[in-house]
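Examining the three-dimensional arrangement
Here are the chains, one letter per residue:
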Amino acid sequence: MEPELNYPKFYRGEYLEAVYIVKTRQKEEKAKELIRENATGEVGVAVSGKDSLVVLSLTTAVKEGVVAVISTYFIDRKIPTETIEELVKIAKKFTNNIILYEEKWNVHAGLFKTIAKKYKFNTIISGLRRKENGPHWTVERYNTMMLLNPIIHWTATDIWAYLYHYRIPVPRVYREAPFPWTRLQELLAF
């Protein structure tokens, strides 16, 4: 059974497609270029939600052999099994190379550096955005590995527009989340 798209009801298709055409398409090309130019060797994408599903889609469009690393924890909170199962089903649309990372992680040590070391990735790519108090960089070299944040400058509306344009489903939890506040912020920024 195919996962449902599960987009929040207040994001209408025509609006999302217009956003994609007007601004997200250009951001998509820049993100792909960043990945093409900087992702080398073994490439892992840290997958934990809708933003990282976008990054997995972008990365597999320009790189082969990409591994989706799905964390079963958000820091020290266990992600519901149903959500993990949905993430795995969706990730399989892009790659069959999937690892479940089943450990709690320390926000100071950083999930991405921990994953890169444990699985010997040369490059780890995240779905962090600046709005989420993430890093303010797109590329960081850390010893012998590269950490990439190709969607650091994307808004939540860009994420939904990309998901809509490519008909990428998201876990059901996003339909139940308190999105009107996010939408208000994004509409004011657009």
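Structure shown above.
The present account deals with the structure reproduced in this document. (Residues numbered from 1 in each chain as written. Predicted model: local features only at pLDDT ≥ 70, side-chain atom pairs only at ≥ 80, totals over all residues. Heavy atoms only, no water.)

Okay, the overall build of the protein chain next. Helices and strands together make up the secondary structure of the protein chain, namely seven helices and eight strands. Across the protein chain, the fraction of contacts at a sequence separation of at least 24, relative to all contacts at a separation of at least 6, is 72%. Counting only carbon and sulfur atoms, one obtains 52% of the accessible surface of the protein chain, whose full area is about 9900 Å². (Helix = DSSP H or I, 4+ residues; strand = E, 2+ residues; numbered from the N terminus. Contact = heavy atoms within 4.5 Å. Areas by Shrake-Rupley, 256 points an atom, 1.4 Å probe, with all protein chains shown as cover.)

Time to look at the environment of Ala-156. Among the secondary structure elements, Ala-156 is positioned in helix α5 (residues 156-165). Ala-156 sits 25 residues away from Lys-131 along the chain, and the two C-alpha atoms are 8.7 Å apart.

One finds Val-47, Val-54, Leu-58, Ile-125 and Trp-154 to be the most contacted residues of the largest nonpolar core, which totals 38 residues. Of all the elements in the fold, those that place two or more residues in this core are α1 (13-38), β1 (43-47), α2 (50-62), β2 (67-71), α3 (81-91), β8 (145-148) and α5. In terms of nonpolar packing, the next biggest core, distinct from the first, is built from eleven residues, Ala-46, Ile-115, Ala-116 and Met-145 among them. (Core = buried A, V, L, I, M, F, W, Y, C linked by side-chain atoms within 4.5 Å. Buried < 20%, exposed > 50% of the residue type's maximum accessible area, 1.4 Å probe, protein only.)

Both faces of the sheet carry side chains from a regular strand, because those side chains alternate between them. Most of β2 sits inside the fold, with five of its five residues counted as buried. Burial along β2 is two-sided: Val-67, Val-69 and Ser-71 facing one way and Ala-68 and Ile-70 facing the other are all buried. As paired strands, β1 and β2 are joined by four bridges and run parallel to one another. Bridge pairing in β2 links Val-47 to Ile-70. With α2 bridging β1 and its parallel neighbour β2, the resulting β-α-β unit is right-handed. (Pairing = 2+ DSSP bridges. Right-handed = clockwise from strand over helix to strand, strands pointing away.)

What follows covers the sheet that holds strand β7 (residues 139-142). Reading across the sheet, the six strands line up as β5-β2-β1-β6-β8-β7 and stay open at both edges, with mixed pairing between neighbours. Two strands close off the open sheet at either side, each with one partner strand: β5 (98-101) and β7. This sheet shows a mean twist of 25 degrees between the axes of neighbouring strands, independent of strand direction. The sheet contact formed by β1 and strand β6 (residues 123-125) spans three bridges and is parallel. Counterpart to Val-45 in the pairing with β6 is Ile-125. (Axes fitted to C-alpha atoms, helices over the stretch in contact; angles between N-to-C directions.)

Summed over the entire model, instances satisfying the criterion amount to five aromatic pairs. Seen in terms of ring centroids, Tyr-119 and Phe-121 are 6.2 Å apart; in terms of plane orientation they differ by 50 degrees. Their pairing is tilted. Looking at Tyr-119, the relative accessible area reads 24%, which means it is partly exposed. For Phe-121, a relative accessible area of 6% gives the class buried. One aromatic cluster is present, formed by Tyr-20, Trp-154, Tyr-162 and Tyr-166 through successive ring pairs. Above the face of the Tyr-73 ring, Lys-78 is positioned so that its terminal group lies 5.2 Å from the ring centre. Of note, Arg-167 hangs over the ring of Tyr-164, and the distance from its end group to the ring centre comes to 4.1 Å. (Phe/Tyr/Trp six-rings, centres within 6.5 Å; stacked < 30°, edge-to-face > 60°. Lys NZ or Arg CZ within 6 Å of the ring centre and 35° of its normal.)

The quantities given are spatial measurements derived from coordinates; they are silent on function.
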